[in-house]
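# Summary of the model geometry
Listed below, chain by chain, are the residues.
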Amino acid sequence: MRRVAAALLCSLALSGCLYQIKQVGDDRFLTAPIDWQPGKTTVRDVVDAFGPPDVIRWSAGRLLFVYRAERQVVTSLVLSFYLKVFSNEAGRHEDGTLIVAFDDRDRLVYYGVSEHPREDLAGDLGLRR
Amino acid sequence: MIRSSGVGFLLAASIALSGCGLITLMHDSVIGPVSPLGRINTVTVGGDFHVTEEGPVAELAGDSRLRMYPRDLFRRIGTPASYWAAAQGIEAFLTSISPVATRETHFGGTAAEKIPAELQPGVPVGVALALLGPPDVWVRRENGSFMLYREVSDRSWSFYIGVPPPAALLVPIPGIANARFRLVSARERASKLMLFFDEHDALVAATASADDASSQRE
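Cut-offs used in this document
Residues numbered from 1 in each chain as written. Chains lettered and ligands numbered in written order. Predicted model: local features only at pLDDT ≥ 70, side-chain atom pairs only at ≥ 80, totals over all residues. Heavy atoms only, no water. Helix = DSSP H or I, 4+ residues; strand = E, 2+ residues; numbered from the N terminus. Contact = heavy atoms within 4.5 Å. Areas by Shrake-Rupley, 256 points an atom, 1.4 Å probe, with all protein chains shown as cover. Buried < 20%, exposed > 50% of the residue type's maximum accessible area, 1.4 Å probe, protein only. Core = buried A, V, L, I, M, F, W, Y, C linked by side-chain atoms within 4.5 Å. Buried area = accessible area lost by both parts, 1.4 Å probe. Salt bridge = Lys/Arg side-chain N within 4 Å of Asp/Glu carboxyl O. Polar contact = N/O pair within 3.5 Å; in protein donor to acceptor, adjacent residues only side chain to side chain. Pairing = 2+ DSSP bridges. Phe/Tyr/Trp six-rings, centres within 6.5 Å; stacked < 30°, edge-to-face > 60°.

With that settled, the discussion passes to the overall build of chain A. Helix and strand counts for chain A come out as four helices and five strands. When the helices and strands of chain A are listed from N to C terminus, the series reads α-β-α-α-β-β-β-β-α. Residue pairs in contact within chain A that sit at least 24 positions apart in sequence constitute 59% of those at least 6 positions apart. Accessible surface for chain A amounts to roughly 7800 Å². Of this, 56% is attributable to carbon and sulfur atoms.

Here's what the structure looks like:
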């Protein structure tokens, strides 16, 4: 009886709710330790560690590898009763990026990595900013 | 008399069901935010009509909301892209009312799925091009070159429990349309293959990544 009541309460609490989450890209670079040395690390070392990059840019004297990971969350609550509609939608989009720059000899010049996107339900629901 | 009243009924029905009719506006007002048809009035009178995974979409900027039928009705119906849009719309509708749905979409070629067995170190660049076709990126460096092949796959699954919006109209219980919950999880990943060549255009190494796993050959 309690389980039935709990299920009914959960159903009531979740009425009209939508929770949509989308993850783009391989986010290994956000968690794996990076121990690269400028002037020593090569293109092959980087590719061996994280696979081929998502984007490649190059110009005279510079070669840039870009790795990307995105996390998008949309939550909404839509309740309708006769001709009245109550609607509330919240969206969240976080990017994680790793940029690696090489010189003409394909040696590392510098790199930068962003923070790992937070994966917390409270933040997704707009309960925490 | 009967014929004239029939014509009048049909006329009234077509107006009521049109893009600015009473039924349309009631639909948009009551279940528009959750309807698999979207907001019909916006789609009818708006421009830049197209269909996405979420259903039909149009821009309303600067358009009269009282237009009964789309300004470009014949173009929407007559162009071949409309059939593709219709197929997408049907898929979006079926997805929206299905309790569990999975979807998988691939963009790009299939070259990046795995390293072909013929690609052994020392193979000339012409063999790689013949096997895999032209790459997405080919960068020439001082001491050689490298190629990048890329294929994107989009996988999603959704869980829906509750009364579908169209069916809720038929159930005479106030607020029954609210008894629903949807969970959607999507993941977009790129399978990539990178080939390294030396200054003589002979293959030195190949690295592929698909999902969480990566493989190498050198």
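So, next bit.
Turning to the overall build of chain B, a few remarks are in order. Within chain B, the secondary structure is distributed over seven helices and eight strands. Out of the 218 residues belonging to chain B, those deemed buried represent 39%. Taking contacts inside chain B between residues at least 6 apart in sequence as the whole, the part at least 24 apart equals 54%.

Moving on to the nonpolar core. A general tendency of soluble globular proteins is for nonpolar side chains to be buried together. One finds Ile56, Leu63, Phe65, Val100 and Phe102 of chain A together with Phe146 and Met194 of chain B to be the most contacted residues of the largest nonpolar core, which totals 23 residues. Elements with a contribution of two residues or more to this core: helix 2 (28-31), helix 3 (43-50), strand 3 (62-81) and strand 4 (84-102) of chain A together with strand 4 (137-141), strand 5 (144-162) and strand 6 (180-197) of chain B. Once residues within four sequence positions are removed from consideration, Val100 of chain A is found in contact with Trp36, Val46, Leu63, Leu64, Phe65, Leu108, Tyr110 and Tyr111 of chain A.

For the rest of this paragraph, the subject is the interface of chain A and chain B. A common measure of how large an interface is: the accessible area buried when the components associate. Each partner contributes to the interface: chain A provides 36 residues, whereas chain B provides 44 residues. Between chain A and chain B, roughly 3600 Å² of surface is buried when both sides are summed, and carbon and sulfur atoms account for 52% of that area. Linking chain A with chain B are five salt bridges, by the criterion used here. In this structure, Arg141 of chain B and Asp106 of chain A form a salt bridge, with 2.7 Å as the shortest nitrogen-oxygen distance. For the interface between chain A and chain B, the tally reads 17 residue pairs in polar contact (both at pLDDT 80 or more). Among the secondary structure elements, those contributing two or more residues to the side of chain A that touches chain B are strand 1 (17-24), helix 3, strand 2 (55-59) and strand 3 of chain A. If you tally residues by element for the side of chain A that touches chain B, the top one is strand 1 of chain A, at eight residues. Here strand 1 of chain A runs beside strand 6 of chain B; their pairing, made up of eight bridges, is parallel. Of the residues in strand 6 of chain B, the one forming a bridge with Val24 of chain A is Glu188 of chain B.

Here we take up the packing of aromatic side chains. Residues and elements named next belong to chain A. Taken as a whole, this structure holds seven aromatic pairs over all chains when the rule is applied. Pairing Trp36 with Phe50 gives two aromatic rings, centres 5.7 Å apart and planes at 70 degrees, and the pair type is edge-to-face. Highlighted residues: Trp36 in the loop between helix 2 and helix 3 and Phe50 in helix 3, separated in sequence by 14 residues. In this pair, the class of Trp36 matches that of Phe50, namely buried.

Bringing the side chain of Arg182 of chain B into the picture now. Within the fold, Arg182 of chain B resides in strand 6. Of the residues examined, Arg182 of chain B reaches a relative accessible area of 17% and is grouped as buried. Beyond its immediate sequence surroundings of up to four residues, Arg182 of chain B is in contact with Cys17, Leu18 and Tyr19 of chain A together with Thr95, Ser96, Ser158, Phe159 and Tyr160 of chain B.

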